[in-house]
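So you can see what is in the structure, the chains are spelled out below.
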Amino acid sequence: MEKGGDGLQTGAPPKQGRFTDPRQNFMILSVCAKLNEIYEQGCKFNWTKPDRCPRCNSVRLWGHGYVRAYFDGFSQGLLLRRFRCPDCGCIIRMKPKGYFRRFQAPIHTIRSCLIRHISGKKWHDALSKSRQRHWLSALKRKASAYFSLNVELCAAFDRLIKIGLIPVSRGI
């Protein structure tokens, strides 16, 4: 490694440390799992370990503990398994299929609530109205950002999922 005139090191990749962006070393894998089984079994739930690291294809994955995640219908957080790749530092979190990242409600519930309201019916009684309004306003915003202003919202929801976006998240 060479030192520049200002004392900074050049030519070396940035070190992984406590001041790096943790989202760069984090990955979520959706797996087929039933929430009730995860809830009942806790740490004893048999999570399927990935064959390889999704980032670097290393076969060396280590268990990296559990993290609590909250889902609708459960009074406490469910323990989701994590794995760590020692080669690239990637942390892989397992998540049940059918849920958007950082959302507690299943995708089908979100979609059905939105369709219900768009078709002229009242909001679903089982969920908070403010939460459902949040989903609708985020969908409208994202649909207008990615598609034309007169796009049908249900179609926009499906198209946004197809292109890999979360249709009801605030981020564009």
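Before reading further, recall that the structure is shown in the block above.
Residues numbered from 1 in each chain as written. Predicted model: local features only at pLDDT ≥ 70, side-chain atom pairs only at ≥ 80, totals over all residues. Heavy atoms only, no water.

K.L.:
For this particular structure, what's the right way to read the overall build of the chain?
P.N.:
Per the secondary structure count, the chain includes four helices and six strands. The buried share of the chain, taken over its 172 residues, is 34%. For the chain, long-range pairs separated by at least 24 residues make up 52% of all intrachain contacts whose partners lie at least 6 apart in sequence. Counting every atom, the chain has about 11,300 Å² of accessible surface; 50% of that belongs to carbon and sulfur. (Helix = DSSP H or I, 4+ residues; strand = E, 2+ residues; numbered from the N terminus. Buried < 20%, exposed > 50% of the residue type's maximum accessible area, 1.4 Å probe, protein only. Contact = heavy atoms within 4.5 Å. Areas by Shrake-Rupley, 256 points an atom, 1.4 Å probe, with all protein chains shown as cover.)

K.L.:
How should the packing of aromatic side chains be read in this particular structure?
P.N.:
Here a ring pair, both rings aromatic, is described through the centre-centre distance and the interplanar angle of the planes. Going through the model one piece at a time under the given rule, you end up with five aromatic pairs. With centroids separated by 5.9 Å and ring planes inclined at 75°, the aromatic side chains of F100 and F103 adopt a geometry described as edge-to-face. For F103, a relative accessible area of 16% translates into the label buried. A connected cluster of aromatic rings, assembled from ring pairs, spans F100, F103 and F157. (Phe/Tyr/Trp six-rings, centres within 6.5 Å; stacked < 30°, edge-to-face > 60°.)

K.L.:
How should the sheet that holds strand β3 (residues 26–31) be read in this particular structure?
P.N.:
The strands making up a sheet associate through hydrogen bonds between their backbones, and the pairing can be parallel or antiparallel. The strand order β3-β6-β5-β4 describes an open sheet built from four strands, whose pairing is mixed. Lying at the two open borders of the sheet, with one neighbouring strand each, are β3 and β4 (62–69). Each strand axis lies, on average, 30° off the axis of its neighbour in the sheet, ignoring direction. Here three bridges tie strand β5 (residues 78–84) to strand β6 (residues 91–96), and the two strands are oriented antiparallel to one another. Bridge pairing in β6 places F83 opposite I92. (Pairing = 2+ DSSP bridges. Axes fitted to C-alpha atoms, helices over the stretch in contact; angles between N-to-C directions.)

K.L.:
Quick question: what am I supposed to make of empty space enclosed by the protein here?
P.N.:
The probe, sized like a water molecule, is rolled over the atoms to show the empty space still left. Inspection of every chain in the model, using the stated rule, returns one cavity of 30 Å³ or more. For the largest cavity, the calculated volume is near 30 Å³. Taken together, R111, L114, I115, I118, L139, L153, C154 and F157 make up the full set of residues lining the largest cavity. No other element matches helix α2 (residues 107–118), which puts four residues into the lining of the largest cavity. A breakdown of the residues in the lining of the largest cavity according to their chemical character gives seven nonpolar, no polar and one charged. (1 Å grid on protein atoms, 1.4 Å probe; cavity = no way out; pocket = protein on both sides within 12 Å on 5 of 7 lines; lining within 4 Å. Points joined across faces, edges and corners; volume = space filled by probe spheres on them. Nonpolar A, V, L, I, M, F, W, Y, C, P; charged D, E, K, R; others polar.)

K.L.:
Got a minute to help me understand the side chain of R93 in this structure?
P.N.:
Here R93 lies in strand β6. Look at R93: it is buried, it has no salt bridge, and the nearest opposite charge is D72 at 13 Å. If we skip the residues at most four places from it in the chain, R93 touches F26, M27, I28, L29, V67, A69, L80, R81 and R82. (Lys, Arg positive; Asp, Glu negative; His and termini not counted. Salt bridge = Lys/Arg side-chain N within 4 Å of Asp/Glu carboxyl O.)

K.L.:
What am I meant to see in unusual backbone geometry here?
P.N.:
Only a minority of non-glycine residues have a phi that is not negative, and only a minority of peptide bonds are not trans. If you check the backbone angles, N57 has positive phi at about 65° while not being a glycine. Phi at R102 takes a positive value of approximately 70°, unusual for a residue other than glycine. Along the polypeptide, R102 turns up in the loop between β6 and α2.

K.L.:
Would you take a moment to explain helix α3 (residues 129–146) for this structure?
P.N.:
One full turn of an α-helix is made of 3.6 residues, so residues set three or four places apart face in the same direction. With 18 residues, α3 should reach 26 Å at 1.5 Å per residue; the first-to-last C-alpha distance of 26 Å fits that figure. Along α3, the residues that are buried comprise Q132, W135, L136, A138, L139, K142 and A143. Along the axis of α3, the buried positions cluster into a sector of 165°, meaning they face one direction only. The inward-facing, buried residues of α3 abut α2 and α4 (153–162). (Expected span 1.5 Å × (residues − 1). Arc of directions from axis to C-beta.)

K.L.:
Sorry if this is basic, but what is going on with the environment of L79 here?
P.N.:
Considering the arrangement of structural elements, one finds L79 in strand β5. Judged by relative accessible area, which is 17%, L79 ranks as buried. Along the chain, L79 and F45 lie 34 residues apart, while their C-alpha atoms are 9.0 Å from each other. Beyond its immediate chain neighbours, meaning those up to four positions away, L79 contacts I38, G42, C43, W47, Y66, V67 and R68.

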